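# Working through the structure, step by step
Residues per chain, in single letters:
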Amino acid sequence: MTTDTTSPIRLDKSDALIVIHCADHEWYRACRFHLDDARDAACAHEEREHAMDNRHREARRLRKLRRRVTPPASH
């Protein structure tokens, strides 16, 4: 059994801006300046339009968990 690991939601990053778009919904576009905000926008779209897909939400959950358990780097 194979599983689909590609999400229709993409984040296109430049030096100044991150554009979030969805291949399944040509009408959807969002822009954010910070990566965490862009990921939150991707999660919000996923929750509204792709209820059975939770790849972005799971990635956000793991990032937040990693932030809580990873000690700050010492200098």
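## What about the pairing of strand β3 (residues 29-32)?
Note: strand β2 (residues 18-22) against β3, 4 bridges, orientation antiparallel. Looking at β3, one finds that Ile18 is bridged to Arg32. With antiparallel pairing between neighbouring strands as the criterion, β2 and β3 make up a hairpin whose turn holds 6 residues.

## Observations regarding the sheet that holds β3
The 3 strands lie next to each other as β1-β2-β3, forming an open sheet whose pairing is antiparallel. Either end of the sheet is taken by a strand with one partner, and the two such strands are β1 (9-13) and β3. Strand-to-strand twist of the sheet, defined as the mean angle between neighbouring strand axes without regard to direction, takes the value 20°. Here β1 pairs with β2 via 5 bridges, running antiparallel. Bridge pairing in β2 places Arg10 opposite His21.

## With respect to the nonpolar core
Counting residues in each nonpolar core, the largest one holds 9 residues, listed as Ile9, Ile18, Ile20, Cys22, Tyr28, Ala30, Ala38, Ala41 and Ala42. Counting residues per element, the ones that place at least two in this core are β2 and α1 (35-49).

## Considering α1
Residues three or four positions apart in an α-helix share a direction because the helix packs 3.6 residues into each turn. Its 15 residues place the ends of α1 21 Å apart at the C-alpha level, agreeing with the 21 Å of an ideal helix rising 1.5 Å per residue. Considered for burial, the residues of α1 that qualify are Ala38, Ala41, Ala42, Cys43, His45 and Glu46.

## Points about the confidence of the model for the protein chain
Taken over all residues, the pLDDT of the protein chain has a mean of 77, while the share at 70 or more is 64%. The element-level mean pLDDT for the protein chain is lowest in helix α2 (residues 55-69), coming to 64, with β3 highest at 94. Within the model, pLDDT remains below 50 along residues 1-5, and this stretch shows 2 contacts once partners closer than five positions in the same chain are excluded.

Procedures and definitions
- Residues numbered from 1 in each chain as written.
- Predicted model: local features only at pLDDT ≥ 70, side-chain atom pairs only at ≥ 80, totals over all residues.
- Heavy atoms only, no water.
- Pairing = 2+ DSSP bridges.
- Helix = DSSP H or I, 4+ residues; strand = E, 2+ residues; numbered from the N terminus.
- Axes fitted to C-alpha atoms, helices over the stretch in contact; angles between N-to-C directions.
- Core = buried A, V, L, I, M, F, W, Y, C linked by side-chain atoms within 4.5 Å.
- Buried < 20%, exposed > 50% of the residue type's maximum accessible area, 1.4 Å probe, protein only.
- Expected span 1.5 Å × (residues − 1).
- pLDDT = per-residue confidence, 0-100.
- Contact = heavy atoms within 4.5 Å.

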